[in-house]
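Analysis of the macromolecular model
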Amino acid sequence: MSGRLQGKIAVITGAGQSAGETIGNGRAMAVLFAREGAQVLCVDRRLESAAETVAMIAAEGGSAAAFQADVSRDAECAALVAEGKSRWGRIDILVNNVGIGGSGDGPAHRADEAAWDRIMAVNLKSAWMTIKHAVPVMREQGGGSIVNISSLASLAGGNQVAYEVSKAGVNRLTTSVANANAAYGVRCNAVLPGLMDTPMAVSGIAGATGSTTEAVREARNARVPLRGRMGTGWDTAHAALFLASDEANFITGVLLPVDGGMSARVG
Ligand code: NAD
């Protein structure tokens, strides 16, 4: 451990992961933050998946606990913040990592209403609600760092209107919260992952399209300018680690693409 988060208390939502071969963004962040000395509350709707992350952290000698919450429900967002605060006395870092896409989303003329409502609640409203409950704790203790996991799809794309608009909302939530809390030492930034080799993306798309994971991986790799290869959950985690740490002490309201150059390429 090199201690970049030594003594910090971190709450990470979606710290379990979807089934698949590689590591997800949430799990990678939880493991990396613990390696850097944080105590991590691993929150997930699926307790068993959060518990797997905790077991990985414990096996490396780190400190973490699992907590079950559905972040689309306000009472459960209040409960997860209360759990972090009562367990360790403060919350230095909040990472809003939960995000879903899925069936029923599509281009605007095809997406269905139920999918729109579900995706907005899980991707956008949830991040606002955890922030709503965590900000008073952070203000009272004199500071904190919030990292929202958005997506490059917040800036470009046209095939998943609910997902894209929810993530654009996460970007604006980030800058709004950064502005409103700067005077209190509470920073708020976002990471915008591009094409990542995570279970949710690769195995999820393979399952939904009837394709193989190898074919999905190859097609996604081919679209990435930097080395022709997707990023991984660890790339998201390293960017989030920087933003969460005191190294980013003068950085707030930033939307950081972690995308192998995709956002730099037009055409
Ligand atoms: P993941 O699916 O592996 O993990 C997300 C976790 O969130 C799962 O364990 C799931 O059980 C949990 N979850 C889902 N709904 C929940 C709810 N309502 N309450 C609590 N927990 C819930 O995904 P991941 O790889 O960790 O990615 C997470 C984030 O990264 C998402 O916000 C996603 O939009 C974003 N992202 C991913 C990619 C990519 O290519 N993988 C690209 C851009 C952005």
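As the structure is a prediction and not an experimental result, all values here were calculated from the model.

Conventions used here
- Residues numbered from 1 in each chain as written.
- Predicted model: local features only at pLDDT ≥ 70, side-chain atom pairs only at ≥ 80, totals over all residues.
- Heavy atoms only, no water.
- Helix = DSSP H or I, 4+ residues; strand = E, 2+ residues; numbered from the N terminus.
- Contact = heavy atoms within 4.5 Å.
- Near = heavy atom within 4 Å.
- Polar contact = N/O pair within 3.5 Å; in protein donor to acceptor, adjacent residues only side chain to side chain.
- Areas by Shrake-Rupley, 256 points an atom, 1.4 Å probe, with all protein chains shown as cover.
- Domains from an automatic or database assignment.
- Buried area = accessible area lost by both parts, 1.4 Å probe.
- Salt bridge = Lys/Arg side-chain N within 4 Å of Asp/Glu carboxyl O.
- Expected span 1.5 Å × (residues − 1).
- Bend = angle between axes of the 7 residues up to and from the residue.
- Pairing = 2+ DSSP bridges.
- Axes fitted to C-alpha atoms, helices over the stretch in contact; angles between N-to-C directions.
- 1 Å grid on protein atoms, 1.4 Å probe; cavity = no way out; pocket = protein on both sides within 12 Å on 5 of 7 lines; lining within 4 Å.
- Points joined across faces, edges and corners; volume = space filled by probe spheres on them.
- Nonpolar A, V, L, I, M, F, W, Y, C, P; charged D, E, K, R; others polar.
- Buried < 20%, exposed > 50% of the residue type's maximum accessible area, 1.4 Å probe, protein only.
- Right-handed = clockwise from strand over helix to strand, strands pointing away.
- Parallel < 35°, antiparallel > 145°, perpendicular 65-115°, else oblique.
- Left-handed = near helix turned anticlockwise from the far one by under 90°.

**With respect to the environment of Ala-66**
Inspection of the secondary structure assignment puts Ala-66 in strand β3 (residues 63-68). Distance from Ala-66 to Lys-85, taken between C-alpha atoms, is 14 Å for residues 19 residues apart in sequence. Not counting the four nearest positions on each side in its chain, Ala-66 is found in contact with Cys-42, Leu-47, Ala-50, Ala-51 and Val-54.

**Here's the deal with the site of the ligand**
For the ligand, the set of nearby residues contains 28 residues, the closest of which are Ser-18, Asp-44, Tyr-163, Lys-167 and Thr-198. Within the backbone of Arg-45, one N or O atom sits 3.1 Å away from a nitrogen atom of the ligand. Measuring from an oxygen atom of the ligand, one finds a side-chain N or O atom of Tyr-163 at 2.5 Å. For the ligand, the accessible surface in isolation is 840 Å², of which the surrounding protein chains cover 96%.

**Considering the domain arrangement of the protein chain**
Once the domains are mapped, the protein chain shows domain 1 (9-194 + 233-254) and domain 2 (197-230). Here the C-alpha centroids of domain 1 and domain 2 sit 23 Å apart. The largest per-residue losses of area from domain 1 upon contact with domain 2 belong to Ser-18, Glu-21 and Thr-22, which jointly make up 52% of the total buried on that side. Our enumeration of links across domain 1 and domain 2 arrives at one salt bridge. The partner of Glu-21 in a salt bridge is Arg-217, and the shortest N-O contact between them spans 3.0 Å. Linking domain 1 with domain 2 are three residue pairs in polar contact (both at pLDDT 80 or more).

**Points about helix α4 (residues 113-141)**
Taking 1.5 Å per residue as the helical rise, α4 with its 29 residues ought to reach 42 Å, and the 41 Å between its terminal C-alpha atoms agrees with that figure. Along α4, the largest kink reaches about 40° and is centred on Lys-125. Following α4 by one or two positions, Gly-142 has its phi on the positive side, about 95°.

**A closer look at the sheet that holds strand β6 (residues 186-193)**
The parallel open sheet is built from seven strands, whose spatial order is β3-β2-β1-β4-β5-β6-β7. Only two strands of the sheet have a single neighbouring strand rather than two, namely β3 and β7 (255-258). Within this sheet the neighbouring strands show an average axis-to-axis angle of 20°, counted without direction. In this fold helix α3 (residues 74-88) packs onto β1 (9-13), β2 (39-44) and β3, with an angle of close to 155° to the strand it touches most, β2. Relative to β6, helix α5 (residues 161-181) is tilted by about 160°, and along the sheet it contacts β5 (144-149), β6 and β7.

**Side note on empty space enclosed by the protein**
Using the criterion set out here, one finds one cavity of 30 Å³ or more in the structure. Each pocket or cavity is described by its volume, and for the largest cavity that value is around 60 Å³. For the largest cavity, the lining is made up of 13 residues, of which Asn-96, Val-98, Asn-123, Ser-126 and Ala-127 are closest to its centre. Secondary structure elements with two or more residues in the lining of the largest cavity: α4, β5 and α5. Looking at which element gives the most residues to the lining of the largest cavity, the answer is α4, with four residues. By residue class, the composition of the lining of the largest cavity is five nonpolar, seven polar and one charged.

**A closer look at the pairing of β6**
Moving residue by residue along a regular strand, the side chains alternate between the two faces of the sheet. Most of β6 is tucked away, with eight of its eight residues classed as buried. Burial of the side chains of β6 extends over both faces: Val-186, Cys-188, Ala-190 and Leu-192 are buried on one face and Arg-187, Asn-189, Val-191 and Pro-193 on the other. Judged from the six bridges that link them, β5 and β6 form a sheet pairing that is parallel. Of the residues in β6, the one forming a bridge with Gly-144 is Val-186. Read from β5 through α5 to β6, the crossover connection turns out right-handed. Pairing geometry for β6 and β7, over four bridges, is parallel. Its bridge partner lying in β7, Ala-190 is registered against Leu-255.

**What to know about the packing of helix α6 (residues 199-209) against helix α7 (residues 213-222)**
For any two helices packed against each other, one specifies the inter-axial angle together with the distance between the axes. As a packed pair, α6 and α7 sit with axes 8 Å apart at the nearest point and diverge in direction by 120°. Considering their axes alone, α6 and α7 lie oblique with respect to each other. Note that α6 runs across α7; the crossing there is right-handed. Seen from α6, the contacting residues are Ala-201, Val-202, Ser-203, Ile-205 and Ala-206; seen from α7, they are Thr-213, Val-216, Arg-217 and Arg-220. Its residues assigned to classes, the contact of α6 with α7 shows five nonpolar, two polar and two charged.

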